[in-house]
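# Structure at a glance
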Amino acid sequence: MATTLSPSTPLSQDEILRYSRHLIIPEVGVEGQQKLKAARVLTVGAGGLGAPIGLYLAAAGVGTIGIVDFDIVDFSNLQRQVIHGTSDVGRPKLDSARDTIREINPNVQVVGYETKLTSENALEIFKGYDLVVDGTDNFPTRYLVNDACVLTGIPNVYASIFRFEGQASVLALPEGPCYRCWYPEPPPPGLVPSCAEGGVLGVLPGIMGTIQAMEAIKLILGIGQPLKGRILLFDALQMKFRELKLRKNPECPVCGTHPTVTKLIDYQEFCGLRGVETAPATGATFPEITARDLKKEIDQGRELVILDVREPHEFQIGRIPGSTLIPLGDLPKRVNELDPDRELVVHCKMGGRSAKAVEFLRQAGFQKVRNLQGGILAWSDQVDASVPKY
Amino acid sequence: MSIKILIPTPLRPFTGRQEQVEVDGRNVGEALEGLITSHPQLRNHLFTADGKLRSFVNVYLNDEDIRYTGLQQTPVKSSDTLAIIPSIAGGCCCCC
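Residues numbered from 1 in each chain as written. Chains lettered and ligands numbered in written order. Predicted model: local features only at pLDDT ≥ 70, side-chain atom pairs only at ≥ 80, totals over all residues.

### A few points about the sheet that holds strand β1 (residues 2-6) of chain B
Residues and elements named next belong to chain B. What the 5 strands build is an open sheet, ordered β2-β1-β5-β3-β4; its pairing is mixed. Edge positions in the sheet fall to β2 (20-24) and β4 (64-65), since each of these pairs with one other strand and no more. Here 5 bridges tie β1 to β2, and the two strands are oriented antiparallel to one another. Paired with I3 across the two strands is V23, which belongs to β2. Its contacts with the sheet place helix α1 (residues 28-38) against β1, β2, β3 (57-61) and β5 (81-86), and it is angled at close to 120° to β2. (Pairing = 2+ DSSP bridges. Helix = DSSP H or I, 4+ residues; strand = E, 2+ residues; numbered from the N terminus. Contact = placed C-beta atoms within 7 Å. Axes fitted to C-alpha atoms, helices over the stretch in contact; angles between N-to-C directions.)

### Some words on helix α16 (residues 375-382) of chain A
Turning to α16(A), its buried residues number three or more, namely A:G375, A:I376, A:L377, A:A378 and A:W379. For α16(A), the elements touching its buried residues are α12 (291-299), β12 (343-347), α15 (352-363) and β13 (369-372) of chain A. (Buried ≥ 20, exposed ≤ 12 C-beta atoms within 10 Å, placed from the backbone.)

### Focus: the sheet that holds strand β9 (residues 288-289) of chain A
Residue and element names in this part refer to chain A. Taken together, 5 strands build an open sheet; the order of strands is β9-β13-β12-β10-β11 and the sheet is parallel. Strands at the two margins of the open sheet, each flanked by one partner only, are β9 and β11 (324-325). Where strand β10 (residues 304-308) and β11 come together, 2 bridges link them in parallel fashion. Bridging from a neighbouring strand, D308 pairs with L325 of β11.

### Some remarks on the packing of helix α4 (residues 50-60) of chain A against helix α10 (residues 203-221) of chain A
The relative placement of two packed helices is expressed as an angle between their axes plus a distance between the axes. Residue and element names in this part refer to chain A. At their nearest, the axes of α4 and α10 sit 7 Å apart, and the two run at 40° to each other. The angle between the axes of α4 and α10 places the two elements in the oblique class. Where α4 crosses over α10, the two elements pack in a sense that is right-handed. Residues G50, A51, P52, I53, Y56, L57 and A60 of α4 touch α10, and the partners they reach there are G206, G209, T210, Q212, A213, A216 and I217. Among the residues forming the contact of α4 with α10, the class breakdown is 9 nonpolar, 5 polar and no charged. (Parallel < 35°, antiparallel > 145°, perpendicular 65-115°, else oblique. Left-handed = near helix turned anticlockwise from the far one by under 90°. Nonpolar A, V, L, I, M, F, W, Y, C, P; charged D, E, K, R; others polar.)

### Regarding the confidence of the model for chain B
Put simply, chain B has an average pLDDT of 88, and 94% of its residues get 70 or more. Both scores are given for the predicted complex: the pTM is 0.82, the ipTM 0.89. (pLDDT = per-residue confidence, 0-100.)

Written out as structure tokens, the structure is:
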């Protein structure tokens, strides 16, 4: 457990020099910097959002930064997770983040939690922190963080991103709304945007995470207006910010006047993911084929059409030779290009979108249609490693 | 009344990649129905089987959540903008 610093802990000469640009702002001053030094902020996630959060909170002199992350730095993270570098690939994100923070500001104490945040450990982990900054990347954890913040009375500095858009707000402030006031329920797995559709411009979480760091610092200092009861929407392509009102729902099951959720629940179940392995959309009630078996059939000269339902830019990354591309969204209007009398094998990146396509085609009267299990990633693993994974 | 509906990125595959759609309607309900009529694949993403707005998709009339202004009965005027704001989690996805 990290030591608790009091807001009256004096600054050293080094700190006075280091933070001089803070000290000369009237709204900060020595007193404000001491508040930052005494502050304890927990960042959930050391990824796209967590990276700028960690960097800027460290630079600002937040005395204790807790980080919850059990992941390993992957090559594809480096496009946006700027707290990690090329030499960190293969290391735990926690270790990498801790080292970077130490290099930026050795006065910061990093408390690491190399574990998945769960209903069993969240309340214990959150205890003693002044703020939680949500840098997670999935719905179950978002709802877990929210509920744990409301139950512990710790504000939740929230942001999320999708491709070129971001959302930010400060939730679970006293008398303020929480995430469930905003979105009472998560989308079921079948309606969550897919990986390829979900790709992100690396700098976007940089912007949103920095906004989160800004809000955290303002809350610690007690200055300005936090995003309480407000949603900040960011559209990077238009370079526009918009603001929407976020009202506290008096009937919110967690933060309302008569809460029904008084302890943490099973969030996987809440998000409809309990019992699901990889591609929840499949359900496997229709025929599937493995990549290996598909290759065998092709080699045996079996006449079939391989239908790729990914997006054109994915097709450019790599494709199964001889495949036909009809993106999933275009399938309804282009279904006439397909011959229902021919054997059809449908694939996407991992098997989820193609499962939806197979369902659609079967309802449209196609009887000889099968889903490629595991998609092109499985093809790359089992058949042809020269087809790039992404 | 012709008003514009802003389409969020996750739903643009179902509107031919359009970022906004102009529709006619006297209230939010008519405007959304107009949207779905011209882009039927959106129905499942916006409404449940029994016609209720999905709770992970918020609809805003200008800067107000329609849950607090009368839902689909909320009247609209031509200078209004409807925005569909789905929940996004960022990063990890469950299916592909």
